[in-house]
Amino acid sequence: MGFLVNIQTLLNQRIQAAMVASGAADDAPALVRQSAKVQFGDYQANGIMGAAKKIGTNPREFAAKVLEQLDLSDIAEKVDIAGPGFINIFLKNEWLGAQLGEQRKSERLDVAVVADPQTVVVDYSAPNLAKEMHVGHLRSTVIGDAVVRTLEFLGHKVVRQNHVGDWGTQFGMLLAYMERLRAQNSKISMALSDLETFYRAAKTCFDDDEAFAARARELVVALQSGDEECLALWNEFIDISMAHCEETYKMLGVSLARQDVMPESAYNDDLENVINELQTQGLLQESDGAKCVFMEEFANKDGEITPIIVQKTGGGFLYATTDLAAVRYRQKVLNADRVLYFVDARQSLHFQQIFTLSRKAGFVEPTTSLEHMPFGTVMGSDGKPFKTRSGGVAKLSALLEEAQERAFQLVASKNPDMAEDEQRNVGRVVGIASVKYADLSKNRTSDYVFNWDNMLSFEGNTAPYLLYAYSRVASIVRRSEIDVSSINAPITIAAEQERALAVKLFQFEEAIQQVVSDGMPHFLCAYLYELSGVFMTFYEACPILAAESGLKESRLQLALNTASTLQLGLSLLGIETLERM
RNA sequence: GCGCCUGUAGCUCAGUCGGAUAGAGCAUCCGCCUUCUAAGCGGACGGUCAGGGGUUCGAAUCCCUUCAGGCGCGCCA
């Protein structure tokens, strides 16, 4: 039998029970955390002081009473009271070794599947199909995908929703330009092979040519009223643009597929219903000809309310309307328990409004959780939003090409003896991993600086460092010439470097729990970086292949568990590993 | 004007939701390759956690306030 729960949860449960038995309130938390310093053991319980205060006793005396009720002799070597009333827990080496053996037999490294799986709808990536994907789409796409993979791994039912922008006034301009090209007998598919150029050309016509602009506006109306020719043209455009996105997803290693696309236009027929529903409920108010909802939650001190406009003067709908329809769909059709929106932080007011209104209007069950997972902007080294050298918006595909090329140059210089096709492949994996990891490893909510040298460095919390750590283990396994699946020797923990590695290996589950609860993959990145560091230290201090029989098998298993954990962890982040680099 | 976010070492970033002496990497300096990949490891240096109040056994973390920066705020998405 493996872990039922991770160590932290296990200790929490046991210590809390002991606290209650010693007279603490039923809900007094044990607050077990990884210890801040080695002298404080492996885990520390911080809840004693607070609980003692509540029942009016001396914290250290209370801690002593708790210890009398607490039996951790099966897993802990030593349990101490320290400082004002901390409990320090030192895990037992024998127990660590035995548990590691169990972990190695499990394909999922003993990480439990959640007991109560949820249906989690995740809205991420959502590029605007009018243009090509650019660097601004990186964060939503990469972070969303990592969270999706982690949720699925833990056993939740995930429904990906790629809420692509395929509707709106700008499409009139694009369709008008397609019409013009067609009239000139130009190949439309050729022109659309570079969407960025196409968009700029259309925009130039729109700005400079009055007749063109008028035609563009006509086409918007025609499109929205379902004109067949117009729709055919639009479909052609969308198809090509979507194919561009899919190419980028493939290069990036993102799990989004065509079936995950639920575009804005899919809600068109439901927008009228949303308005009617709001009307029926008396939530709607007309203001300057537009239909709005005024909610007191969004009033300032003077009572002035920032409304949501759901229908323009003249009848047009807005993205708020679409988002409301999407909430309804996600609740009523997809049966979401939780909906996560990986969308730019600048839209946080918008989402607060949508969420508040959705609750008021009963579009979601009270128990359904709607969570905006905002993220900051990617900045250049000048501290301003990231641009190309020429000052334009960086196309994502071009950025990824550059990453692969830079990584290839690096590999070729460090490892000139490797065959070129392998260097290319290493360059591809390292390049893509570096871009993704640089993004994933930073706290989601803050802006971050895009810097080639930092992300491609082999030092520090970077993808190349992690991939290198993994390839070192792979190299040892190759050289050992042992059929690793047949190893059955016990794992013995003696050296401090072995011990540090063993403890760290158990904390994988704690890291991925944080990823799903907060939608923040950087917790997993930090964990994998620490694991790699602890492994490197172990690797330097503890010879594996040269060790005596028995010890060799024991250490080899520690290395194998490290490899499995790195590979699984990186795969949850959407990052490939390399056996050689 | 109102609201949201951010401010931690020279630089890039963490800080497990109120816990013990605030941590990494880069840069700088000093060590370690006849032994499993030195793309590595060990060590040193470096801090008024933007400033000021408050809450309490305890605050980078919570509250108030000032300053600096970013972003939003009725018919774009």
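Residues numbered from 1 in each chain as written. Chains lettered and ligands numbered in written order. Predicted model: local features only at pLDDT ≥ 70, side-chain atom pairs only at ≥ 80, totals over all residues. Heavy atoms only, no water.

Student: Describe the confidence of the model for chain A, listing the residues and the values that go with them.
Tutor: For chain A, the mean per-residue pLDDT works out to 93, and 99% of the residues sit at or above 70. Overall fold confidence for the complex sits at a pTM of 0.96, while the interface term, ipTM, reaches 0.96. (pLDDT = per-residue confidence, 0-100.)

Student: Account for the packing of aromatic side chains, with residues named and values stated.
Tutor: Going through the model one piece at a time under the given rule, you end up with 15 aromatic pairs. For the pair tyrosine 177 and phenylalanine 198, a centre-to-centre distance of 5.0 Å together with 80 degrees between the ring planes defines the contact as edge-to-face. Here phenylalanine 198 lies in helix α8 (residues 195-208) and tyrosine 177 lies in helix α6 (residues 170-183), a separation of 21 residues in the sequence. A residue is classified by how much of its surface remains accessible, and tyrosine 177, at 15% relative accessible area, is buried. Among the residues examined, phenylalanine 198 registers a relative accessible area of 2% and is labelled buried. On the basis of an interplanar angle of 45 degrees and a centroid distance of 6.1 Å, the ring pair of phenylalanine 198 and phenylalanine 237 is categorised as tilted. With phenylalanine 198 in helix α8 and phenylalanine 237 in helix α10 (residues 228-252), this pair connects stretches of sequence that are 39 residues apart. (Phe/Tyr/Trp six-rings, centres within 6.5 Å; stacked < 30°, edge-to-face > 60°. Helix = DSSP H or I, 4+ residues; strand = E, 2+ residues; numbered from the N terminus. Buried < 20%, exposed > 50% of the residue type's maximum accessible area, 1.4 Å probe, protein only.)

Student: So what's going on with the environment of glutamine 513? Residues and values would help.
Tutor: Within the fold, glutamine 513 resides in helix α19 (residues 508-518). For glutamine 513, a relative accessible area of 27% corresponds to the partly exposed category. Sequence spacing of glutamine 513 and leucine 151 is 362 residues, and the spatial spacing of their C-alpha atoms is 9.1 Å. Residues in contact with glutamine 513, not counting those within four places in the same chain, are Asn6 and Leu154. (Contact = heavy atoms within 4.5 Å.)

Student: An account of the sheet that holds strand β9 (residues 308-311) is requested, with residue identities and associated values reported.
Tutor: The strand order across the open sheet built from 3 strands is β7-β8-β9, with neighbouring strands paired in antiparallel fashion. Looking at which strands have only one partner, the edges of the open sheet turn out to be β7 (284-287) and β9. Taking the axes of each pair of neighbouring strands and ignoring which way they run, one obtains an average angle of 45 degrees across the sheet. Sheet topology note: the strand β8 (residues 290-293)/β9 ladder contains 3 bridges and is antiparallel. Note on β9: the bridge partner recorded for cysteine 292 is isoleucine 309. (Pairing = 2+ DSSP bridges. Axes fitted to C-alpha atoms, helices over the stretch in contact; angles between N-to-C directions.)

Student: Residues and numbers for the pattern of salt bridges, please.
Tutor: The final tally for this structure, using the stated rule, is 31 salt bridges. Put simply, aspartate 344 and arginine 346 hold a salt bridge, and the shortest N to O gap is 2.9 Å. Aspartate 344 sits in the buried class, given a relative accessible area of 18%. One continuous salt-bridge network, built from bridges that share partners, spans Glu132, Asp194 and Lys395. (Salt bridge = Lys/Arg side-chain N within 4 Å of Asp/Glu carboxyl O.)

Student: Give me the environment of proline 117: which residues, what numbers.
Tutor: Turning to its location among the elements, proline 117 is positioned in the loop between α4 (93-105) and β5 (119-123). C-alpha of proline 117 to C-alpha of aspartate 337: the two residues are 220 residues apart in sequence and 9.6 Å apart in space. Apart from residues no more than four positions distant in its own chain, proline 117 is found in contact with Gly155 and His156.

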